[in-house]
Amino acid sequence: MGTSRTFGSVAVAMATPFAPDGSLDTDSARRLAAHLVEEGVDCIVLSGTTGESPTTHQPEKDDLVRAVVAEVGDRAMVMAGAGSNDTAHAVRIARSAEKCGAQGLLIVSPYYSKPSQEGIYQHISAIADSTDLPVMVYDIPGRTGVKISDEVFDRLADNPKIRAVKDAAADLPRGIATARRTGLEYYSGDDGLNLAWMAIGGSGVVSVVGHVAARKYRAMVEALDAGDLAAAQRIDEEVHPLVEAIMGTGQGAVMAKEAVAMMGVLPTPTVRLPLVGASQLELDNLRRVLSAQGYID
């Protein structure tokens, strides 16, 4: 594993802002993206799980890409999710994102259908080959119901467009072995494992908690790059209560929106069904943690 960073080192899987009536709010998306970049984020991921990709559709996805590229595309990479369990649909999303200015693609393994490993390989390859953009493959079997096999990763690594993996499989030994064997860049897709991944040579993080703690994650990465593991460990300990508050009992997309709304970055934490707002207990705990860490009064 090396320190090659096609997709930067501190990426945030950005929440998609909606107005109170549930419509896409591109003005708030621009403000949120600008805020994240100012806090140290060098890659914005749009229309991922945290961006409520299953309930946003074209032309909304395209409008979102255009708005964020216009706001921060000269200061940070803008990556678009091209996820679907319908390969032809995912190809259309990918091609449209490229036309709208996206600079990279995040391709999640096909969910719900539970295809064979050959089907997973062909699905990811078809999307990757449909554009000229660099690709990060997203392995999250807890959500998709399928795990990408070692053989498929080996085959995908032969595709020059496929540069990296966002790993949320919670299997560090296997991930390390795959990274070393294939040469693919590995990014932590689990905020609770960010330090672990970075300490063993990961390229970066794709974070949800980074909606709040991007500045601290930037400092953690810089500490590790400088060889200061103790400083990185201290930062990880500081961020842990936020990880628990945002990714613990609640749903990440919901809690990230609640957090940035409490901080005044978003005007409303509106989500689309089947997601619903956080419980009062979750909100109280989140407010307590944000206040204790100085993010809100």
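- For the protein, the name recorded in an unreviewed UniProt entry is 4-hydroxy-tetrahydrodipicolinate synthase, with Flaviflexus salsibiostraticola as its organism.
- The protein has a UniProt comment under Subunit (unreviewed entry) that states "Homotetramer; dimer of dimers."
- As stated in UniProt under Sequence similarities (unreviewed entry), the record for the protein gives "Belongs to the DapA family."

What about the packing of aromatic side chains?
Part 1 of the reasoning: Applying the stated criterion across every chain yields a total of two aromatic pairs.
Part 2 of the reasoning: Taken together, a centroid distance of 6.2 Å and an interplanar angle of 75° make the contact between F7 and Y187 edge-to-face. Here Y187 lies in strand β7 (residues 185-188) and F7 lies in the segment before β1 (10-13), a separation of 180 residues in the sequence.
Part 3 of the reasoning: Residue F7 is classed as buried on the basis of its relative accessible area of 1%.
Part 4 of the reasoning: Among the residues examined, Y187 registers a relative accessible area of 0% and is labelled buried.
Part 5 of the reasoning: Positioned over the ring face of Y121 is R155, at 3.7 Å from the centre of the ring.
Part 6 of the reasoning: For the cation-ring pair, K166 lies above Y138, with the distance from its terminal atom to the ring centre recorded as 4.0 Å.

Comments concerning the side chain of S130
Part 1 of the reasoning: For S130, the location among the structural elements is in the loop between α4 (117-128) and β5 (135-139).
Part 2 of the reasoning: Look at S130 and you get buried, because its relative accessible area is 13%.
Part 3 of the reasoning: One polar contact links the side chain of S130 to the main-chain carbonyl oxygen of I127, over a distance of 2.7 Å.

Reading the values: the criteria
Residues numbered from 1 in each chain as written. Predicted model: local features only at pLDDT ≥ 70, side-chain atom pairs only at ≥ 80, totals over all residues. Heavy atoms only, no water. UniProt positions renumbered as here; feature names shortened; annotations may be inferred. Phe/Tyr/Trp six-rings, centres within 6.5 Å; stacked < 30°, edge-to-face > 60°. Helix = DSSP H or I, 4+ residues; strand = E, 2+ residues; numbered from the N terminus. Buried < 20%, exposed > 50% of the residue type's maximum accessible area, 1.4 Å probe, protein only. Lys NZ or Arg CZ within 6 Å of the ring centre and 35° of its normal. Polar contact = N/O pair within 3.5 Å; in protein donor to acceptor, adjacent residues only side chain to side chain.

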